[in-house]
Amino acid sequence: DATSAAGGLAVDATEFDTYYFAPQKCFASDGGLWFALMSPAAIQQLIAPMFPGLLGVELVETTPDKVVGRLLVRPEVATTGGILHGGAVMGFADTLGAVGTFLNMPPGCTTTTIESSTKFMAGAPPGTVVTGESVPLHRGRTTMVWQTSIRREDGRLCAVVLQTQLVMQPKPAA
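Residues numbered from 1 in each chain as written. Predicted model: local features only at pLDDT ≥ 70, side-chain atom pairs only at ≥ 80, totals over all residues. Heavy atoms only, no water.

*Asks:* What should I look at first to understand the overall build of the protein chain in this one?
*Replies:* Scanning the protein chain for helices and strands turns up four helices and eight strands. The helix and strand sequence of the protein chain, counted from the amino end, reads α-β-β-α-α-β-β-α-β-β-β-β. Out of the 174 residues in the protein chain, the part that is buried amounts to 35%. Taking the intrachain contacts of the protein chain between residues at least 6 apart in sequence as the baseline, contacts between residues at least 24 apart amount to 54%. As displayed, the protein chain has an accessible area near 9500 Å², and 60% of this comes from carbon and sulfur atoms. (Helix = DSSP H or I, 4+ residues; strand = E, 2+ residues; numbered from the N terminus. Buried < 20%, exposed > 50% of the residue type's maximum accessible area, 1.4 Å probe, protein only. Contact = heavy atoms within 4.5 Å. Areas by Shrake-Rupley, 256 points an atom, 1.4 Å probe, with all protein chains shown as cover.)

Have a look at this one:
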């Protein structure tokens with residue numbers, strides 16, 4: 001089958017939305033390890049009907065080593081003082097860290113945030129776009145820790161979010 005060579009072939013991730021492969025098949029093994037590479041568009045489609053879609057999160061780059069997204073600061077996600085709401089900042093960062101965990105965890109697993117800490121440095125007014133970049137600090141079997149930096153268009157740092165994601169194994173069939 002085509003998956004037998006898929007883990008050993010050079011591929012251009014810009015040419016597809018989702019690519020599944022089993023690297024152990026390159027070594028004539030039938031282990032249960034499978035990977036999926038998903039484009040930002042494919043993940044965007046998954047999150048669109050959920051909170052990140054409501055918030056307006058736009059995924060720009062989605063790799064196991066970095067997740068980048070943008071968020072238009074709209075009046076609906078701003079404070080009465082006219083800056084991006086802290087809850088929107090945290091929801092944006094949480095989405096990027098969760099996507100990074102999703103891209104790193106074994107198939108069938110799920111994830112949830114178990115801890116999050118946010119440091120605010122500057123506001124972002126409505127009409128501007130903030131960019132978030134999330135990178136892993138720890139990728140373990142049961143937890144992953146992600147740091148997200150959120151910046152305004154002028155490059156000024158708005159917030160840094162540190163979050164811990166729990167990786168939950170699939171439940172056995174009853």
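*Asks:* Please clarify how the confidence of the model for the protein chain should be interpreted in this entry.
*Replies:* Detailed conclusions should not be drawn from predicted coordinates in areas where pLDDT is low. Overall, the predicted model of the protein chain reaches an average pLDDT of 87, with 79% of residues at or above 70. Note that pLDDT drops below 50 for residues 24–29; the model gives that stretch 14 contacts with residues more than four away or on any other chain. (pLDDT = per-residue confidence, 0-100.)

*Asks:* Would you explain the pattern of salt bridges in this entry?
*Replies:* Side chains that differ in charge, positive against negative, can pair when their charged atoms come close. Considering all chains together, one arrives at five salt bridges under this definition. Note that Asp65 is salt-bridged to Arg139, the shortest N-O span being 2.8 Å. Here the residue Asp65 occupies a position in the loop between strand S3 (58–63) and strand S4 (66–72), and Arg139 occupies one in strand S6 (residues 129–139), the gap between them amounting to 74 residues. Since its relative accessible area comes to 47%, Asp65 is described here as partly exposed. In this structure Arg139 comes out as partly exposed when scored by relative accessible area, which is 42%. Measuring nitrogen to oxygen at the nearest pair gives 2.8 Å for the salt bridge that ties Arg152 to Asp154. Residue class for Arg152 comes out partly exposed when judged on its relative accessible area of 22%. (Salt bridge = Lys/Arg side-chain N within 4 Å of Asp/Glu carboxyl O.)

*Asks:* How should helix H2 (residues 40–47) be read in this particular structure?
*Replies:* Three or four residues apart is the spacing at which side chains of an α-helix point the same way, because the helix has 3.6 residues per turn. Within H2, the full set of buried residues consists of Ala42, Ile43 and Ile47. All buried residues of H2 fall inside an arc of 130 degrees around its axis, so they share one side. (Arc of directions from axis to C-beta.)

*Asks:* Can you help me understand the pairing of S4 in this one?
*Replies:* The two faces of a sheet get side chains in turn, since along a regular strand they alternate between them. Of the pairings in the sheet, the one linking S3 to S4 comprises five bridges and is antiparallel in character. In the strand pairing of S4, Glu61 is matched with Val68. Counted along the chain from S3 to the antiparallel partner S4, the turn is two residues long. Of the strand pairs in this sheet, S4 and S6 are connected by six bridges, and their pairing is antiparallel. Counted as the bridge partner of Arg70 is Thr131 from S6. (Pairing = 2+ DSSP bridges.)

*Asks:* Help me out: how do you make sense of helix H4 (residues 86–104) in this one?
*Replies:* Taking 1.5 Å per residue as the helical rise, H4 with its 19 residues ought to reach 27 Å, and the 27 Å between its terminal C-alpha atoms agrees with that figure. Among all positions of H4, only Ala88, Val89, Gly91, Phe92, Ala93, Thr95, Leu96, Gly97, Val99, Gly100, Thr101 and Leu103 are buried. (Expected span 1.5 Å × (residues − 1).)

*Asks:* Before we go on, may I ask you to explain the sheet that holds S6 in this structure?
*Replies:* The strands making up a sheet associate through backbone hydrogen bonding, with each pair oriented either parallel or antiparallel. The six strands are arranged S3-S4-S6-S7-S8-S5 in an open sheet whose pairing can be described as antiparallel. If you trace the sheet from one side to the other, it starts and ends with S3 and strand S5 (110–120), each paired once. Looking at each pair of strands side by side, their axes are set apart by 20 degrees on average, direction ignored. Relative to strand S7 (residues 143–151), S6 is paired through eight bridges, and the arrangement is antiparallel. Looking across to S7, one finds that Ser134 is bridged to Thr148. (Axes fitted to C-alpha atoms, helices over the stretch in contact; angles between N-to-C directions.)

*Asks:* Quick question: what am I supposed to make of the environment of Leu55 here?
*Replies:* By secondary structure assignment, the location of Leu55 is in helix H3 (residues 51–55). Look at Leu55 and you get buried, because its relative accessible area is 5%. In sequence terms Leu55 and Gly91 are 36 residues apart; their C-alpha atoms lie 7.9 Å from each other. Not counting residues up to four positions away in its chain, the partners in contact with Leu55 are Leu71, Arg74, Val77, Ala88, Gly91 and Phe92.

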